[in-house]
Amino acid sequence: DDDIFSSAFCENSEKLINVHLFALAAKYYSLSNLGVCTPLEDMLAALKGDSEGATGIKPDEFMNNKKSHEVEVMSELVDSIANYCGIKQVIDIGSGKGYLSSFLSMQYNLKVYGIDSSSSNTNGAHERNKKLKKHWRAYQSRGRENLKSKSLEKANDRPVESEINYKTIHEELLNNTSSLQNQDPVIIQNLVPSCGSTEMATPETNTEAEADLVTGKQSHEAKLSEEVLAILNILPADAVEDFSSSHNCGELWEEEKVQRKMTSLKTKARKSNESNLFFPLTSCITAETELNDIITDLEDCMMVGLHTCGDLAANTLRIFAAKPEIKAVCSVGCCYHLLSEQFENEEECHNQVWGFPMCRYLKDKGWCCGRNARMSACLALERVAAGHMLPTESLFYRAVLQVIIEEMYGVTKSDRHVGKTFSKSSSFIDYVRRSLKKLELDDSKLPDSCIMDYHEKYKHRMNELEAFNMLKVVLAPCIEVLILLDRLCYLKEQENIAWSGLVKLFDPVKSPRCYAVIALKNQSC
């Protein structure tokens, strides 16, 4: 109840007087408590239906724990959405070092364009992808072994009667070689969906082939099914050709035909695994970006972003809504403090596209968070609750530095940033001098004794600072939910979108920015 929560503050001074009530209110308005998220398991079940996922190859062999967790979870969802929409092309916005792009291309055989504004990131992603490809055959080999053992387990579960019937009919067909020679060449394509299909051959395909074999309709195909399906399960759908048009097998014995087809399929599998399906590109993405200018062979695709920074997350959604070729989007944003806000400054820029707010409701309200609130939204409540405490000393250094530059230099605002100076500093004096140089302020007029005087003056307030930052941590989910719901409402306002929602993808302790904004367009769009 809003009236109850408002009593956490003094009516006259508006100061916080009830910390417990403040914490309860913050929890009440957090995303996990509002009931607006779609569970990841429900989303995957709706997208996949009864189909099985790809052979599991873990990315933790070439990524750290945080990144491998993010890539493994998000790539499975992206692949499921791509299959559901019938698309094979993915555009990874803000692809960075190409972790997600590489895994999507190698594990799921998707054609991925990774776009990043940093040329060093793009070049690094290209080199890293080349190194990964050298090791990928080993990963795929391990995946094939897993697939083989699963197939054997399923084979052991089949009824004995089916096996006897299959073997009996199979032997009869082998004995009747003359009738086989008079039939059309074996077409392996009939065992799997046609080229371009997004479905892969499944154990049900084999069962259907056996049923047709019993009725005498596809007797010559059943002989190949056990061997062929094991390879087809690791091939992309478009890797299978119609062998009837490329091989003249009319006069070959059945065993010879099988051997040739198996060799050809293995060659296809090897080439597919080695092909370069990830293309790192360097470009700065804005809301007005024309993807056709960057990607020459743009086709129906989906757009993804793993921790797209600041306005890039908002622009990703705007491009998705505007471009008919983009059929789906899956975006996980970060760096809320770098968002541009329409109502933060008094001066208006009518032509500028802002990162916040996006939806009409908040625009009409003239809503503004402010930089301090957006900075708070970047904090990680779950990590702090799990024992990962705030860096109190570095925050104290930064707070005292601000007092120094205000009182000694008269500076209250600056476009420059101190960055990660604390980790490189040996003492508070060293920290202050390094920071002043970064801010392009003359540190020569500030003696060491003066710097230490400031440190001693505020040292007793360090506990107070820690308590204040803990309150910011508690409030962080409420500010994040405002930004995420703004993006979701923007998608709900678009007429060409069939479904949109928020999905919690990651473990927030491992990856604090764990929510994805997901949308799928109407099939007619």
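Residues numbered from 1 in each chain as written. Predicted model: local features only at pLDDT ≥ 70, side-chain atom pairs only at ≥ 80, totals over all residues. Heavy atoms only, no water.

Visitor: I would appreciate a short explanation of the pattern of salt bridges in the present structure.
Guide: If the charged atoms of two oppositely charged side chains come close together, the side chains can form a pair. As enumerated under the stated definition, the model contains 16 salt bridges in all. The residue Glu290 makes a salt bridge to Lys323 at a minimum N-O spacing of 3.1 Å. Residue Glu290 is found in the loop between strand S3 (278-282) and helix H14 (291-294), and its partner Lys323 is found in the loop between helix H15 (311-322) and strand S5 (326-334); the two are separated by 33 residues along the sequence. Note on Lys323: relative accessible area 15%, which makes it buried. With a closest N to O distance of 3.1 Å, Lys459 and Glu456 form a salt bridge. Owing to a relative accessible area of 41%, Lys459 belongs among the partly exposed residues under this scheme. (Salt bridge = Lys/Arg side-chain N within 4 Å of Asp/Glu carboxyl O. Helix = DSSP H or I, 4+ residues; strand = E, 2+ residues; numbered from the N terminus. Buried < 20%, exposed > 50% of the residue type's maximum accessible area, 1.4 Å probe, protein only.)

Visitor: In this structure, what is going on with unusual backbone geometry? I would like to understand it.
Guide: Note on backbone geometry: most residues besides glycine have negative phi, and most peptide bonds are trans. Following Phe356, the chain continues into Pro357 via a peptide bond in cis, with omega recorded as -5°. Within the secondary structure, Pro357 is located in the loop between S5 and helix H16 (360-365). Within the chain, Glu440 stands out as a residue other than glycine whose phi angle is a positive 60°. Topologically, Glu440 is positioned in the loop between helix H20 (428-438) and helix H21 (448-458).

Visitor: Just checking my understanding: could you explain the side chain of Asn315 for this structure?
Guide: Secondary-structure assignment places Asn315 in helix H15. Every residue in contact with Asn315, bar those within four places of it in the chain, is listed here: Ile285, Thr286, Ala287 and Val353. (Contact = heavy atoms within 4.5 Å.)

Visitor: What is the right way to read the side chain of Ser511 from this model?
Guide: With respect to the helices and strands, Ser511 occurs in the loop between strand S6 (497-504) and strand S7 (515-521). When its relative accessible area of 0% is taken as the criterion, Ser511 is described as buried. Filtering out sequence-adjacent residues up to four positions away, Ser511 remains in contact with Lys66, Glu70, His307, Arg383 and Phe506.

Visitor: Just to check I follow, could you spell out the environment of Leu339 for this structure?
Guide: Here Leu339 shows up in the loop between S5 and H16. Residue Leu339 is classed as buried on the basis of its relative accessible area of 3%. Sequence-distant contacts of Leu339, that is, excluding residues within four places in its chain, are made with Gly310, Asp311, Gly355, Phe356, Arg374, Ile483 and Arg487.

Visitor: Would you mind going over the packing of aromatic side chains with me for this structure?
Guide: What describes a pair of aromatic rings is the distance from one ring centre to the other and the angle between the planes of the rings. Counted under the stated rule, the structure contains nine aromatic pairs. Ring geometry for Phe5 versus Tyr29: centroids 6.0 Å apart, planes at 70°, classification edge-to-face. Residue Phe5 is found in helix H1 (residues 2-6), and its partner Tyr29 is found in the loop between helix H2 (19-28) and helix H3 (31-34); the two are separated by 24 residues along the sequence. Exposure remark for Phe5: the relative accessible area of 14% places this residue in the buried category. Assessed through its relative accessible area of 31%, Tyr29 is described here as partly exposed. For the ring pair Tyr28 and Tyr29, a centre distance of 4.9 Å and an interplane angle of 90° mean the geometry is edge-to-face. Of the residues examined, Tyr28 reaches a relative accessible area of 40% and is grouped as partly exposed. Taken together, the aromatic side chains of Tyr397, Phe422, Phe428 and Tyr431 make up a single cluster linked through ring pairs. (Phe/Tyr/Trp six-rings, centres within 6.5 Å; stacked < 30°, edge-to-face > 60°.)

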